[in-house]
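For reference, the chains in residue letters:
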Amino acid sequence: MFDIEFAHPMRIPLAGLARLDPGALQLLEEAATQDGVFYLDPHMQDGSMPDPTRQDRAACLELANDLLKSSAYDLLQYDIDEVGRYKLDGYKPMGRNAGVTEKALDWFEAFLISHDQMCNDALDEQRISYPEAIESRRRFLKSHIDSFHQMGQVILQSLSVICHLDADESFCQRHRQNLQSISAFGVLRYPALDKESTHLCHGAHTDVGSITFLSTTDYGLQFQEPTSEAWRLIEPRDELLLVNIGDSLRFMSNMRFRSSLHRVVPFPRKANKDRYSWAYFMRPNYDAEFRDSEGKLWKSIEWHTAKYSVFRAPLSEQQASSILTGKKGYVGLWSRSREEDMES
Ligand SMILES: O=C(O)CCC(=O)C(=O)O
Ligand SMILES: [Fe+2]
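Each value, and the rule that gives it
Chains are numbered independently. Their residues run from 1 in the order of the written sequence. The lettering of chains begins at A and the numbering of ligands begins at 1, in the order of writing. Given that the model is predicted, a residue must reach a pLDDT of at least 70 before its local features are reported, and side-chain atom pairs must reach 80 or more before they are shown or counted; all residues, however, enter totals for whole chains, interfaces and linings. The basis for the side-chain values is all heavy atoms of the structure; hydrogens and waters are excluded. Put simply, DSSP marks the helices as runs of H or I at least four residues long and the strands as runs of E at least two long, and each gets a number from the N terminus on. For every residue, the accessible area (1.4 Å probe, protein chains only) is compared with the maximum for its type, and the residue is labelled buried under 20%, exposed over 50%, or partly exposed between those bounds. For the purpose of charge, His is not counted, nor are the chain termini; Lys and Arg are scored as positive and Asp and Glu as negative. The term salt bridge refers to a pairing of a side-chain nitrogen on Lys or Arg with a carboxyl oxygen on Asp or Glu at a separation within 4 Å. Contacts between residues were defined by any pair of non-hydrogen atoms, one from each residue, lying within 4.5 Å. Metal sites are built from N, O and S donor atoms within 2.8 Å, or 3.2 Å for Na, K and Ca, and they leave out water, so they may look incomplete. A pair of strands is labelled paired if DSSP reports no fewer than 2 bridges between them. Only the stretch in contact is used when fitting a helix axis, every axis being a line fitted to C-alpha atoms; angles between N-to-C directions are given from 0 to 180 degrees. Along the chain, pLDDT gives the predictor's confidence residue by residue, from 0 to 100. Side-chain atoms within 4.5 Å link the members of a nonpolar core, which is a set of buried Ala, Val, Leu, Ile, Met, Phe, Trp, Tyr and Cys residues. Residue count minus one, scaled by 1.5 Å, sets the expected span of a helix. Comment: arc refers to directions from the helix axis out to C-beta atoms. Under the pairing criterion, centres of Phe, Tyr and Trp rings, with the six-membered ring standing for Trp, must be within 6.5 Å; the plane angle then separates stacked pairs below 30 degrees from edge-to-face pairs above 60, leaving the rest tilted. Any Lys NZ or Arg CZ that is within 6 Å of a ring centre and within 35 degrees of that ring's normal is treated as a charge sitting over the ring. Working rule for angles: under 35 degrees goes down as roughly parallel, over 145 as roughly antiparallel, 65 to 115 as roughly perpendicular, anything else as oblique. Think of it as three bins: nonpolar holds Ala, Val, Leu, Ile, Met, Phe, Trp, Tyr, Cys and Pro, charged holds Asp, Glu, Lys and Arg, and polar takes everything else, Gly as well.

(A) Layout of the side chain of Arg250. Among the structural elements, Arg250 can be located in helix α9 (residues 247-252). Asp247 is the oppositely charged side chain nearest to the buried, salt-bridge-free Arg250, at an N-O distance of 5.5 Å. Not counting chain neighbours up to four residues away, the residues in contact with Arg250 comprise Ile245, Met255, Arg256, Phe257, Ser259 and Ser293.

Have a look at this one:
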């Protein structure tokens, strides 16, 4: 038997939050202040919101396959570091960031599609023409992103009630759909690994934005329990969405909410096939302001830019600040030997 410890994120019903049900709000308050991660049950009995775990799951997987089957050469025509100013759209090849061990680079590829390109008609940015796999699914992607944004607003409204914020201070006001936003939807592929693979998975980080909705096909994601600092595996659940709170919401709540520290590592006996995940990164409007844990004032777009330059930096530079993980000097490296212990 493996000695693997699982996390047990709370399961919170979206329907309860939409009604501001006190029981659901209490669960959300506990999850947001203690761990910064929870499972969301997105099912609305009255069908008032599309349920992105059902048919959309298959559609996202098909999109990921269709899109990422192109050669790296073709995909690099949409290099995320070249396409726009803020790395919100385009292809991130494997190995662009530092990874989970000292010598490793990351080993996942991703394609991002910004909220504004799909859903915001009054947009200053130039319109991007995407690969056919995306262009042919514009209607699906628009409604998919819209429904994530609506779910995000329900969570933000609930968190605003928890913080006793007045309507004009509500977190929702800083995530308005008609203002420029850095939110994005992404599909990710982690190729199958073997024992000799040098480059691995996805290094430890907190998410830059406010709320991340995650779905995945397989094991691998770990989250760090804030009090014990132990890494725990997160079980993939088809019928639920995993929600991570990110830095922006942590800062906007004056550090009351935690941003979850997570990473993706090889999972014994499961790393021999591709792992897919897809995420909606709900992030604040460009100009939304907050103060970080040291009191420094940031516009959301500035924090985003600073965080991405740390994602792209070598490990030594990542270690020098607290931007990557929220803890200066800590980059959350994974040790292969422990993993091998588990396999024996
Ligand atoms: O693939 C996963 O499960 C996690 C992805 C992630 O943490 C991210 O893209 O920020
Ligand atoms: Fe993440």
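Now, onward.
(B) Representation of the coordination of the iron ion (ligand 2) within the structure. Of the protein atoms, only His205 (NE2), Asp207 (OD) and His262 (NE2) coordinate the iron ion (ligand 2), at distances of 2.1 Å. Written as a sequence motif, the donor arrangement for the iron ion (ligand 2) is H-x1-D-x54-H. Residue Asp207 is located in the loop between β6 (202-205) and β7 (211-216), and its partner His262 is located in strand β11 (residues 262-264); the two are separated by 55 residues in the primary sequence.

(C) How the structure looks around the pairing of strand β5 (residues 184-190). Of all the seven residues making up β5, seven are buried; the element is thus mostly covered by neighbouring parts of the structure. Neither face of β5 is open: one carries Ala184, Gly186, Leu188 and Tyr190, the other Phe185, Val187 and Arg189, and all of them are buried. Note: strand β4 (residues 109-114) against β5, six bridges, orientation antiparallel. Bridge assignment links Leu112 to a residue of β5, and that residue is Gly186. Judged from the seven bridges that link them, β5 and strand β12 (residues 275-282) form a sheet pairing that is antiparallel. What sits directly across from Val187, in β12, is Trp278.

(D) Seen up close, the sheet that holds β7. On the basis of which strands lie adjacent, the open sheet formed by eight strands has the order β1-β2-β10-β7-β12-β5-β4-β3 and mixed pairing. Bordering the open sheet on either side are β1 (10-13) and β3 (90-92), each of which pairs with just one other strand. Averaged over neighbouring strand pairs, the angle between their axes works out to 25° when direction is ignored. Across six bridges, the pairing between β7 and β12 is antiparallel. Note on β12: the bridge partner recorded for Ile211 is Met282. Across the face of the sheet, helix α2 (residues 22-34) comes into contact with β1, β2 (37-41) and β10 (241-245) while running at roughly 140° to β1. The sheet strands contacting helix α8 (residues 138-162) are β2, β4, β5, β7, β10 and β12, and the helix crosses β12 at an angle near 60°.

(E) The arrangement of the confidence of the model for the protein in detail. Of all residues in the protein, 95% attain a pLDDT of 70 or more, and the chain-wide mean is 92. The low-confidence segment residues 340-344 (pLDDT under 50) makes nine contacts with residues lying over four places distant or belonging to another chain. Among the scores for the predicted complex, ipTM is 0.99 and pTM is 0.95.

(F) Fine view of the nonpolar core. Residues Leu40, Phe185 and Phe213 are the most contacted members of the largest nonpolar core, which totals 70 residues. Ranked by residues supplied to this core, first place goes to α8 with 10 residues. Ignoring sequence-local partners within four residues, the contact set of Phe213 consists of Leu40, Phe148, Met151, Gly152, Ile155, Leu241, Leu242, Val243, Trp278, Ala279 and Tyr280.

(G) Representation of helix α3 (residues 55-68) within the structure. Taking 1.5 Å per residue, 14 residues should reach 20 Å; α3 reaches 20 Å between its end C-alpha atoms and fits that length. Residues Asp56, Arg57, Cys60, Leu63, Ala64, Leu67 and Leu68 constitute the buried set of α3. Buried positions in α3, seen along its axis, are confined to an arc of 125° and lie on one side of it. Exposed and oriented more than 90 degrees from the buried face of α3 are Gln55, Ala58 and Glu62.

(H) Summary view of the packing of aromatic side chains. This model, assessed by the stated rule, comprises 12 aromatic pairs. Judged by centre distance (5.0 Å) and plane angle (85°), the ring pair of Trp298 and Trp303 falls under edge-to-face. We note that Trp298, like Trp303, is buried. Members of the aromatic cluster, connected to one another through ring pairs, are Phe251, Phe290, Trp298 and Trp303. Between Arg237 and the ring centre of Tyr39, over which it is positioned, the NZ or CZ distance is 5.6 Å.

(I) Region of the structure containing the packing of α2 against α8. Between α2 and α8, the shortest axis-to-axis distance is 10 Å and the interhelical angle comes to 85°. In this view, α2 runs roughly perpendicular relative to α8, as classed from their interaxial angle. Residues Leu25, Leu28, Glu29 and Ala32 of α2 lie in contact with α8, whose contacting residues are Ile155, Ser158, Leu159, Val161 and Ile162. Here the contact of α2 with α8 is built from residues that sort into seven nonpolar, one polar and one charged.

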